[in-house]
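# Commentary on secondary and tertiary structure
One letter stands for each residue in the lines below.
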Amino acid sequence: QVPARALLEGDTVTLLEGDTVTLLEGDTVTLRCRGRGETSVTKVRFFHDGRELRGPLKGTEMSLPPLQMHHGGRYRCGGKVGFWSVWKESAPVTVTVH
């Protein structure tokens, strides 16, 4: 599995593997997908409740529009990892929006 990492940067939140994160309507969230250590991840895709998210990617990141209640749920990312470009997916992160 590809771990996600958590950082709080101003009004942008990226998520930690296995976490449950509570956010407020109107918050801005950036989903970030990274491999372990220095392992590269390419062809990144993000999923919300099992459905692929469609939206512009900036490298291995995707920004969501200001959050609304329907943005709550389970998020994960997937990508091709390492030298052999093996497809792997992260553990899910649960987001609750209030």
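In this text, all values refer to a predicted model and were calculated from it rather than measured experimentally. (Residues numbered from 1 in each chain as written. Predicted model: local features only at pLDDT ≥ 70, side-chain atom pairs only at ≥ 80, totals over all residues. Heavy atoms only, no water.)

## Brief notes about the nonpolar core
The biggest cluster of nonpolar side chains holds 18 residues, and the ones touching the most others in it are Leu31, Phe46, Leu53 and Leu64. Only β3 (20-23), β4 (28-32), β5 (41-48), β9 (73-81) and β11 (93-97) provide two or more residues apiece to this core. (Core = buried A, V, L, I, M, F, W, Y, C linked by side-chain atoms within 4.5 Å. Buried < 20%, exposed > 50% of the residue type's maximum accessible area, 1.4 Å probe, protein only. Helix = DSSP H or I, 4+ residues; strand = E, 2+ residues; numbered from the N terminus.)

## Topic: the confidence of the model for the chain
Confidence in the prediction for the chain averages 79 pLDDT; 82% of positions are at 70 or higher. Looking over the chain, one finds the lowest element-wise mean pLDDT in strand β1 (residues 7-9), namely 39, and the highest in strand β6 (residues 51-52), namely 96. With pLDDT under 50 throughout, residues 1-13 is counted as low confidence; its partners more than four residues away or in other chains account for 46 contacts. (pLDDT = per-residue confidence, 0-100. Contact = heavy atoms within 4.5 Å.)

## Examining the state of the cysteines
Scanning all chains against the criterion turns up one disulfide. The disulfide that involves Cys33 links it to Cys77, with 2.1 Å between the sulfurs. Taking the torsion about the sulfur-sulfur bond, which here is approximately 70°, the covalent link between Cys33 and Cys77 counts as right-handed. Of the two residues, Cys33 is situated in the loop between β4 and β5 and Cys77 in strand β9; the sequence distance between them amounts to 44 residues. (Disulfide = S-S within 2.5 Å.)

## Brief notes about the pairing of strand β10 (residues 86-89)
Looking at chain direction, β9 and β10 are connected through four bridges and run antiparallel. Bridging across to β10, Gly79 finds its partner in Lys88. (Pairing = 2+ DSSP bridges.)

## Describing empty space enclosed by the protein
This structure, assessed with the given rule, holds two cavities of 30 Å³ or more. Put simply, the second largest cavity is a space of about 30 Å³. If you trace the second largest cavity, you find it lined by Leu23, Val29, Leu31, Leu64, Leu67, His71, Tyr75 and Val95. Here the lining of the second largest cavity is built from residues that sort into seven nonpolar, one polar and no charged. (1 Å grid on protein atoms, 1.4 Å probe; cavity = no way out; pocket = protein on both sides within 12 Å on 5 of 7 lines; lining within 4 Å. Points joined across faces, edges and corners; volume = space filled by probe spheres on them. Nonpolar A, V, L, I, M, F, W, Y, C, P; charged D, E, K, R; others polar.)

## Observations regarding the packing of aromatic side chains
All chains considered together, the criterion is met by one aromatic pair. Relative to Trp84, the ring of Phe83 lies with its centre 4.9 Å away and its plane at 85°, an arrangement referred to as edge-to-face. Take Phe83: its relative accessible area is 72%, and that puts it in the exposed class. A residue is classified by how much of its surface remains accessible, and Trp84, at 72% relative accessible area, is exposed. (Phe/Tyr/Trp six-rings, centres within 6.5 Å; stacked < 30°, edge-to-face > 60°.)

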